[in-house]
Amino acid sequence: MHAPPSDPAPPRWYWAVPYVVVTLFAVSMLALVWLLQQRESDVERGALARDLQWTEQAIRRVVLGTEEFLGQLARDMAAGTLEHDGFQQRANEHLAVNPALTNIAWVGRDQAVRWTAPFDALDWLAGDTLLGPQVQGFQHSALSSRLTYGAAYRNARGDAVLEVFVPVHRQGEFFGALVAAYSVERMISRLVPDWFTEKYRLAVLDTDGVALALSSALPDREHHLALELVLEPPRNGMRLQAMAFRPGGDVMHALPAVIIVGLSLLVLWSLWMLRGHMQRRVQVERERDRLFNLSLDLLCIVDLEGRFRRCNPAFERVLGHDPATLPGALMIDFVHAEDVASTLDNMRRLAGGEPVSFENRCRCADGSYKWLAWSVNPVRGEGLVYAVAHDVTGRKAAEDALRAESAFRKAMEDSVVTGLRAIDLSGRIIYVNSAFCRMVGFAESELVGTVAPFPYWPPEQLAICERNLAMTLSGQAPRSGFEMRIQRKNGERFDARFYLSPLIDLTGRQTGWMASITDITEPKRVRAALEAAHERFEAVLDGLDAAVFVADARTDEILFANLAFKRIHGFDAVGRTVRGVAVPQPERGDYRVDPRNLAPADLPRELFDGELQHPLSGRWYHVREQATRWVDGRVVRMGIATDITDRKQTAEVARQQEERLQRTSRLITMGEMASTLAHELNQPLSAIANYCAGSVTRLQAGNAKQEDILAAMQKASFQAERAGKIIRRVREFVKKSEPRRAAVSIVDILEDAIGFADIDARRTGIRIVTAVEPGLPAVYADRIMIEQVLLNLVRNGIDAMADALPERRVLTVRVRGCGPGQVEVAVIDQGHGISEEGRSRLFTPFYTTKAEGMGMGLNICRSIIEFHDGRLIVDDNPEGGTIFSFILPTEIASERVARSA
């Protein structure tokens, strides 16, 4: 049998046909794309030319209209028929219908702006002079005697401006120019329709080709279709440039050709590569991937730079990372920061061709870390390393837990301050901690293994110590422990308390006794000191005249009372309630806070400080209560009541005496003024007699006119009212009455006081000057008392300047506001002043510098001012003399104080 003939080998052109076909297809597609793009460019260029010409004509119509408007204004200006108001009206009307215009101004021949519109213009202000490009355009129009456009420029705000100058000649002489300013940006945004700016980018270029304004921020690129057109007017080299938007840029323009060429090359390359290697590669990769993917450990291929090349699915099972996302990532990026240094050392050893094994922590997808044990082998010829990693997180966690537990127990034993000692059932010491060794001064080696008598037993206490040990071994030690005196290695004795508990092993069998020992030497000393201090405290409180008590804030039960309290309210007061023993105390509403609602964190807290009257005996007490913490931790009220009955009675007598002195002072003042008042009253009474006598004479003569008699009677009535007002003021001043505080005008008080003092002032040749701040609020005061204070201070100032030079006899009374809710009144004289010794005794009763004075005036004045919640101050006058000033609260301030109280 003959073997069948083999198939003939295909000719060489057979393998070349696919490549030729692909090449011809690519060339045909490239030619077709080029033809379509050329035709599209021609169509766009024609549309762009038509639209740009239409836009240029629209701008030209607006500019020519403005030229005609300016020419008409120039003719009216030259004829002298245009005034400022007419200019403003016509200019503003034209600006309203021409949004591209920003200003219209009239500039004189001195290049100064005379008129400008609109009123809120920022660049052309009346009075400004022309600068830079404005001067050039103005001079060119003046020389050429015709309408001129200046060069476009940018103003201080960066806006492009174009100005047109129209010269005005009057009687053959240059009189000035009308100027209209265009905003180049507005010419594009207001004169060009929206459909044009949506299709094209429009730009205004100057003579150098620099863009003055753009309709959009499209960058200049060669592939954009652009046309330029000269802008006439202004005929100064400005051009309009329109650029058609071509979305996508260079990439989109060349994208079809790139795609065609790229796909063609990709097809050719694919045909070449797939021809010989497809089947062999698939077979090899199938066998390798089966072993790589089924491994339970982490398998990966890494290059010498530490980047993953390939990872098996175990990475997702152990670390949670998708193997498909790991290639290209640095291995070191997944390593814990504390293990980076050791990992880098091992990778350097790999680069040298040395196999390594190490452990490190790698980050999981959820942010946690796991311990991995790596075994890595390099293949230097390929520049790759092959690594196997095993998860050892569980083993590491167990090791760390064991080390942490051991370290914790050791640290706990070393840090505890209580001594621990363990003995077995025979009484031998089997364990002591470091705190017990420090307590007795013996080392652990000196104590462990010893039997009774122990080294820390004092010789004089051996019997007691042996009895306590026997009681411990028999299990009869009290649960509260027992005290025992022991000694340190240096022989020093101290008191300790032992607490015993059975020592049980893991099987539940007792193997000995565990004792905790606490040094109680200092607590015993402190307790003894506290007891002695308590006794001293009670002795001090019992020696006080003031009644002291402590009561529970919630139940009102008296917990403590000193001897003075018990003498007043009974020796059985402790245990009763405060209200039950009739202790003088405020009502609940008088407390600053309710003590029943206070918590320990709010303490200490003052509750009340005031004067109260005993409901039964009628005696007065100064009571002060404070919330504080009691020895058991609860909130209590501690009160101190001091008997002030005698002091209150003394104060009442002093107050009555002071009132009598005040009235006496007013009477003395009235007596001193009696002679002067007679002179003051003589004037209005004489005027009344003269008016009445004149009226009688006219009536007797028979030639009296009714209006003359009526005028004389009205004047006589006014003088009578004046005399009555003087008498009424004197009566109110000396009248005895209780203080009545009310809202009064300080200006009215000042006028009345000066009305009294002005009599003495004129007699001694002294001029009284008032300086009152306007708009002062009313003060809350007793009108008569404040008038008395002010009159006393003014008269003192008059007396102080009796011997002064005539030009210095000026007394100033100043009234002004002084801070929120206060008014200051100052009496300023230019007299002889007050010495330092006199100032220190100035307010002392019965001290005076006058031969006829009583020495009570300033003391009474200070009492009155303090009664009104103010203060009286004396200072030196820098110009010579003295300044007496006092401060009074306003009505609003007094109301606020009353509400807060």
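Predicted, not measured: the structure shown is a model, and the values here were computed from it.

Observations regarding the layout of surface pockets
Here is step 1: Looking at the second largest pocket, its volume works out to about 500 Å³.
Here is step 2: Residue lining of the second largest pocket: 27 residues in total, with Asn103, Asp123, Trp124, Asn155 and Arg157 positioned closest to the centre.
Here is step 3: Classifying every residue of the lining of the second largest pocket by side-chain character gives twelve nonpolar, seven polar and eight charged.

A word on the sheet that holds strand S32 (residues 882–889)
Here is step 1: Pairing within the open sheet is mixed, and its five strands lie in the order S27-S29-S30-S32-S31. Of all the strands in the sheet, just strand S27 (767–772) and strand S31 (871–876) have a single pairing partner and so form its edges. Across this sheet, the average inter-strand angle for adjacent strands is 15°, counted without regard to direction.
Here is step 2: Strand direction decides the pairing type here: strand S30 (residues 822–828) and S32, joined by seven bridges, are antiparallel. Counterpart to alanine 826 in the pairing with S32 is serine 885.
Here is step 3: Packing against the sheet, helix H18 (residues 783–800) makes contact with S27, strand S29 (810–817), S30, S31 and S32, and its axis sits at approximately 170° to S32.

What to know about the side chain of aspartate 206
Here is step 1: Summarising the element assignment, aspartate 206 is placed in the loop between strand S7 (200–205) and strand S8 (211–214).
Here is step 2: An unpaired buried charge is present at aspartate 206: no salt bridge exists, and arginine 239, the closest side chain of opposite charge, is 6.4 Å distant.
Here is step 3: Within the structure, aspartate 206 has its side chain in polar contact with the backbone nitrogen of valine 210 (distance 2.7 Å).
Here is step 4: Setting aside residues up to four positions removed in sequence, aspartate 206 forms contacts with Leu212, Gly237 and Arg239.

Topic: the packing of aromatic side chains
Here is step 1: Using the criterion set out here, one finds ten aromatic pairs in the structure.
Here is step 2: Summarising the aromatic geometry, the rings of phenylalanine 308 and phenylalanine 315 are spaced 5.8 Å apart at their centres and angled 80° between planes, so their arrangement reads as edge-to-face.
Here is step 3: With a relative accessible area of 5%, phenylalanine 308 lands in the buried category.
Here is step 4: Aromatic rings pair up to connect Phe436, Phe454, Tyr456 and Trp457 into one cluster.

Quick notes on the rules
Residues numbered from 1 in each chain as written. Predicted model: local features only at pLDDT ≥ 70, side-chain atom pairs only at ≥ 80, totals over all residues. Heavy atoms only, no water. 1 Å grid on protein atoms, 1.4 Å probe; cavity = no way out; pocket = protein on both sides within 12 Å on 5 of 7 lines; lining within 4 Å. Points joined across faces, edges and corners; volume = space filled by probe spheres on them. Nonpolar A, V, L, I, M, F, W, Y, C, P; charged D, E, K, R; others polar. Pairing = 2+ DSSP bridges. Helix = DSSP H or I, 4+ residues; strand = E, 2+ residues; numbered from the N terminus. Axes fitted to C-alpha atoms, helices over the stretch in contact; angles between N-to-C directions. Contact = heavy atoms within 4.5 Å. Buried < 20%, exposed > 50% of the residue type's maximum accessible area, 1.4 Å probe, protein only. Lys, Arg positive; Asp, Glu negative; His and termini not counted. Salt bridge = Lys/Arg side-chain N within 4 Å of Asp/Glu carboxyl O. Polar contact = N/O pair within 3.5 Å; in protein donor to acceptor, adjacent residues only side chain to side chain. Phe/Tyr/Trp six-rings, centres within 6.5 Å; stacked < 30°, edge-to-face > 60°.

Take it as geometry only, folks, not as evidence of what the structure does.
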